[in-house]
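Structural overview
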Amino acid sequence: MKLNARDARAFFAKPDPKKAGVLIYGPDAMRIALKRQELIANLIGPNGDDEMRLTRIPASDLRKEPAQLLDAITAQGFFPGPRVAFVEEANDTALKGIEAALTEWREGDATVVVTAGQLKPTSKLRKLFEGHANAYATAIYADPPGRDEIESELRKAGVSDISQEAMSDLLDLGRVLDPGDFRQTVEKLSLYKIGDTKPVSAEDVGNCAPVITEAALDDAIDIVAEGRFAEIGPILNKLEGQGVQPVRLCIGANQHFRKLYVAASDPGGPEAGLARARPPVPYMRKDRMARQARGWGSLKLEQALKLLVDTDLQLRSAQPVPQMAVMERALIRLAMMARN
């Protein structure tokens, strides 16, 4: 049976050991590995591996000896409790052994967990799990984690009291960091707040987030905000070479222009607006951003934010687009707006 993303999250959090098996596949090996770890840990518990209730079988071995998997699911372990037979990096060449194990599977046997890369709809392995009455197939794509997933990660790390601004920043980080880096950030945040009874703030998140070439990113956004459109190409090439993704650049620009809008709209003037910004604006950037806010004005900044929101939606759309080219075009349009 097919398992959609929402149902897969629920199943991985509380798996049913009466299911014969689960196929987890997709293009991102890191995301596949994290989901597989979560599923196996929730099936056999934290001591399952030490108690030899987890059997690992490389798909290459299974191709040579298809009966290995059937032997693994029916073998009786020394320790009581649920068992898992894990087949890693499978494809259609391992079909024979996996199909035999699912056919012969009976309640009480080990759960079959299979991971694979991207599988076409015509894949025999994928069709086997999708057509099985007591097994699941679920695709894991490089989608950013939703609020419920981030809240689940925070609960696991023991972080519960979170301000709205901090949650907003965590959602942004979830979109630009790979899953492993994001999980490390949450774990770091948990350690950072030990003994601190105050709610998690945006500043706390900023102190725990990995540094992602912030200086170069600030330079690029300043170039745009100050209308220096001729410099956009070279700075984007530099950022791309450092591994900065277009969506990270879009988020950074959006945050910057939102602060400029708040500053330009403040009755007390841009300096007063920037003083109340959260997360705080570093003191060495306040004068420069105040000049930018005055130059833009609130009306043009509204138009800039609309352009950035539209660009963000385009970058995250299902339609394949040349993302850096889309981002570069948006930044050039913003720079031209600053000159007019």
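In case you missed it, the structure is sitting above this.
Residues numbered from 1 in each chain as written. Predicted model: local features only at pLDDT ≥ 70, side-chain atom pairs only at ≥ 80, totals over all residues. Heavy atoms only, no water.

Moving on, we get to the overall build of the protein. A count of helices and strands for the protein gives 16 helices and five strands. Considering the protein as a whole, with its 340 residues, one finds that 44% of them fall into the buried category. Considering only contacts within the protein whose residues lie at least 6 apart along the sequence, 74% involve residues at least 24 apart. Summing over all exposed atoms, the protein offers an accessible surface of approximately 17800 Å²; the carbon and sulfur share of this is 52%. Taking the average location of the 46 positive side-chain charges in the protein and that of its 47 negative ones, the two points are 4 Å from each other. (Helix = DSSP H or I, 4+ residues; strand = E, 2+ residues; numbered from the N terminus. Buried < 20%, exposed > 50% of the residue type's maximum accessible area, 1.4 Å probe, protein only. Contact = heavy atoms within 4.5 Å. Areas by Shrake-Rupley, 256 points an atom, 1.4 Å probe, with all protein chains shown as cover. Lys, Arg positive; Asp, Glu negative; His and termini not counted. Charge placed at Lys NZ, Arg CZ, Asp CG, Glu CD.)

What follows covers helix α16 (residues 323-339). Compared with an ideal rise of 1.5 Å per residue, which puts 17 residues at 24 Å, α16 spans 25 Å between its outermost C-alpha atoms and is within 8% of the ideal. For α16, the complete set of buried residues consists of M324, V326, M327, A330, L331, L334, A335 and M337. (Expected span 1.5 Å × (residues − 1).)

What follows concerns the packing of helix α7 (residues 147-156) against helix α9 (residues 179-192). Their axes nearest at 9 Å, the elements α7 and α9 cross at an angle of 45°. In terms of orientation, α7 lies oblique with respect to α9. Seen from above, α7 lies across α9 with right-handed handedness. On α9, the residues touching I150, E153 and L154 of α7 are F182, R183, V186 and L189. Looking at the contact of α7 with α9 residue by residue, the class counts come to five nonpolar, no polar and two charged. (Axes fitted to C-alpha atoms, helices over the stretch in contact; angles between N-to-C directions. Parallel < 35°, antiparallel > 145°, perpendicular 65-115°, else oblique. Left-handed = near helix turned anticlockwise from the far one by under 90°. Nonpolar A, V, L, I, M, F, W, Y, C, P; charged D, E, K, R; others polar.)

Core analysis: the biggest nonpolar cluster contains 37 residues, and L239, F257, W296, L331 and L334 have the highest contact counts within it. Breaking this core down by element, the ones donating at least two residues are α11 (214-225), α12 (232-241), α13 (246-265), α15 (283-315) and α16. With residues up to four places along the chain from it excluded, the contact list for W296 reads V224, A225, F257, L301, A304, L334, M337 and A338. Grouped together as the second largest cluster of nonpolar side chains are 28 residues, L62, A85, V87 and A135 included. (Core = buried A, V, L, I, M, F, W, Y, C linked by side-chain atoms within 4.5 Å.)

Turning our attention to the environment of E153. Residue placement: E153 occurs in helix α7. With 52 residues separating them in the primary sequence, E153 and A101 have C-alpha atoms 33 Å apart. Setting aside chain neighbours within four positions, we find E153 in contact with R183 and V186.

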